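Listed here are the chains, written in short residue letters.
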Amino acid sequence: MERFEPWWGDFELAPGSAGRWSIGPLRLWVEHHPREWRIAWRSGGDMFDDSSRVEIGLPLGQADADAAVERYSFGEINAHMAIVPLLADRPVVSRPELPLFVPPQQSITLYVSSPLWLQLRGGAQAALLREMPIVRSSDTWSGPLIEEGGLCYHASTLALTSLDGFPFSPWRAVTPIRLINRAEDTVAVERLSLPVPYLSLFQAPDGTLWTQAVELEHRAATALTLAQLGSRAPTEAGAAQRLAAPRSRADRNLLAKAFGSLFGFGGGGDGAP
């Protein structure tokens, strides 16, 4: 696997210069004008683009004609610009491409990949200028009832049982999820609702991005409990460093409820293994 070079971090943009970030389907331009940051972006590019590139010191006027543009004015401005990677601000919901069944008394580890957001912070005080998703996901509702559910993003989310040939991306984070089926019936994993606001973001030495691992137990037809939520990077990430803390903090009961609805289950049918 190739090493991913970070597109995030601290950058210096001299007055009268610009930077361009190409991150998968997102194109982002930052221009340093007199007492002003000008930000332009265009999303909706190739969803299978797993490349990233940063160019600093470009002349002004590089943004595409159809890009959205915003201006941020300061009394005084320095050359510092920070790009900060983040997990999404709502749970990310998806469905496995193929049916997945877990027999009784078996356990599996799923590696789930979800798209990132970013923040732009400018000046010596790192003032927040804008936050945006790298790819715009559609809104959806997760939960059987309005009182019990919540607004989420529906996104293409990879869920594989092995890291061999896993399609790592510089704009997606991987969450290892261990599911233990202690019930007497085979169950089908029909839906994934990953509550990423409660997770931290880590960078592995090879540049891949991870969250901490999650372990859940299934004991009955509708019962799924949070057995463990790590506070550090998973072992698969090696000596990783934390890039971002969780967006939301919660007590054990709220975490258990959030992660208890991670999977949508159905009973195993005739085609179950």
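About the cut-offs
Residues numbered from 1 in each chain as written. Predicted model: local features only at pLDDT ≥ 70, side-chain atom pairs only at ≥ 80, totals over all residues. Heavy atoms only, no water. Helix = DSSP H or I, 4+ residues; strand = E, 2+ residues; numbered from the N terminus. Buried < 20%, exposed > 50% of the residue type's maximum accessible area, 1.4 Å probe, protein only. Contact = heavy atoms within 4.5 Å. Areas by Shrake-Rupley, 256 points an atom, 1.4 Å probe, with all protein chains shown as cover. Pairing = 2+ DSSP bridges. Axes fitted to C-alpha atoms, helices over the stretch in contact; angles between N-to-C directions.

S.K.: Would you mind going over the overall build of the protein in detail, with residue names and values included?
M.R.: When helices and strands are counted, the protein shows one helix and 23 strands. Within the protein, buried positions represent 45% of all 273 residues. Long-range contacts, defined as pairs at least 24 residues apart, comprise 76% of the intrachain contacts of the protein with a sequence gap of at least 6. A total accessible area of about 13300 Å² is found for the protein, and carbon and sulfur atoms account for 49% of it.

S.K.: Describe the environment of A88, with residues and values.
M.R.: Mapped onto the elements of the fold, A88 is located in the loop between β7 (80-86) and β8 (92-94). Separated by 29 residues in the primary sequence, A88 and W117 place their C-alpha atoms 5.8 Å from one another. When sequence neighbours within four positions are dropped, the list of residues in contact with A88 reads P115, W117, Y153, V196, P197 and R247.

S.K.: A description of the sheet that holds strand β3 (residues 26-33) should follow, citing residues and the corresponding values.
M.R.: Here five strands make up an open sheet; going across it, the order is β5-β2-β3-β4-β6 and the pairing antiparallel. Every other strand in the sheet has two partners, leaving β5 (52-59) and β6 (68-73) as the edge strands with one partner each. For this sheet the average axis-to-axis angle between neighbouring strands, irrespective of direction, equals 15 degrees. Both β3 and strand β4 (residues 36-42) contribute to a ladder of seven bridges, which runs antiparallel. If you follow H32 over to β4, its bridge partner there is W37.

Don't take any of this as a statement about function, it's just geometry.
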